[in-house]
Amino acid sequence: ANDYVIVLGDFNDDISESSNNNVFLNFINDNNYYFADSDIAEGPSTNWSFPNWPSHLDHILISNEFFNIFSNDNIFTYKIDEYMNSWQQYDNYISDHRPVAINLTWLIIGDLNQDGSLNILDITILINLILDNQYSPSADFNNDSGLNILDIVFLVDLILNN
């Protein structure tokens, strides 16, 4: 129930079909899953993964554990054929499907300013949150529903041990 799950590949069917023909409807209606490539499937055919048909049959299904780090801006169909001589060359030698790619950005615990590193700037942000009596779940390192010196100690320990 709490595992990060990704199912990806050639699903050989379209996720944007009508309800009565959609074999993926159980996943589409389940709030625990999301087809990360839904915008591609519902968008222009120039971005679809299977240009010969044309259709979009290659999908990335993610579980709800990824929802907070997923953005529709970070998924795309990689048009590798544009870097070759032609679609025909790609189709003949590699595949008749274009790959669908996703970029999931993992947050570093303690990186309050999200600059990719743990340092004194993160401590400063935490101290300011405490002084301003503001709560931020991402800064509540000991999960006690409050920000205090114990969170600062935790953050300093993270910085010193990384």
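Residues numbered from 1 in each chain as written. Predicted model: local features only at pLDDT ≥ 70, side-chain atom pairs only at ≥ 80, totals over all residues. Heavy atoms only, no water.

Engineer: Give me the side chain of D151: which residues, what numbers.
Structural biologist: Mapped onto the elements of the fold, D151 is located in helix 5 (residues 149-160). One buried charged residue, D151, remains without a salt bridge, the closest side chain of opposite sign being K79 at 45 Å. (Helix = DSSP H or I, 4+ residues; strand = E, 2+ residues; numbered from the N terminus. Buried < 20%, exposed > 50% of the residue type's maximum accessible area, 1.4 Å probe, protein only. Lys, Arg positive; Asp, Glu negative; His and termini not counted. Salt bridge = Lys/Arg side-chain N within 4 Å of Asp/Glu carboxyl O.)

Engineer: Run through the pattern of salt bridges, naming residues and quoting values.
Structural biologist: By the definition in use, this model includes 1 salt bridge. For R98, the salt bridge identified is with D81, shortest N-O distance 2.8 Å. Placement of R98 in the loop between helix 3 (87-93) and strand 5 (100-102) and of D81 in the loop between strand 4 (75-77) and helix 3 is noted, with a sequence separation of 17 residues between them. Look at D81 and you get buried, because its relative accessible area is 8%.

Engineer: Tell me about helix 4 (residues 120-131), and name the residues and values.
Structural biologist: Taking 1.5 Å per residue as the helical rise, helix 4 with its 12 residues ought to reach 16 Å, and the 16 Å between its terminal C-alpha atoms agrees with that figure. Within the span of helix 4, buried status applies to D122, I123, L126 and L129. Along the long axis of helix 4, the arc covered by the buried residues comes to 120°, so they all point the same way. Exposed side chains of helix 4 directed beyond 90 degrees from the buried face belong to I120 and L131. Put simply, N119 is the residue that caps the front of helix 4, since its side-chain oxygen is 3.0 Å from the backbone nitrogen of L121. Residue N133 follows helix 4 closely and has a positive phi angle near 55°. (Expected span 1.5 Å × (residues − 1). Arc of directions from axis to C-beta. Polar contact = N/O pair within 3.5 Å; in protein donor to acceptor, adjacent residues only side chain to side chain.)

The values reported here are purely geometric and, on their own, carry no functional implication.
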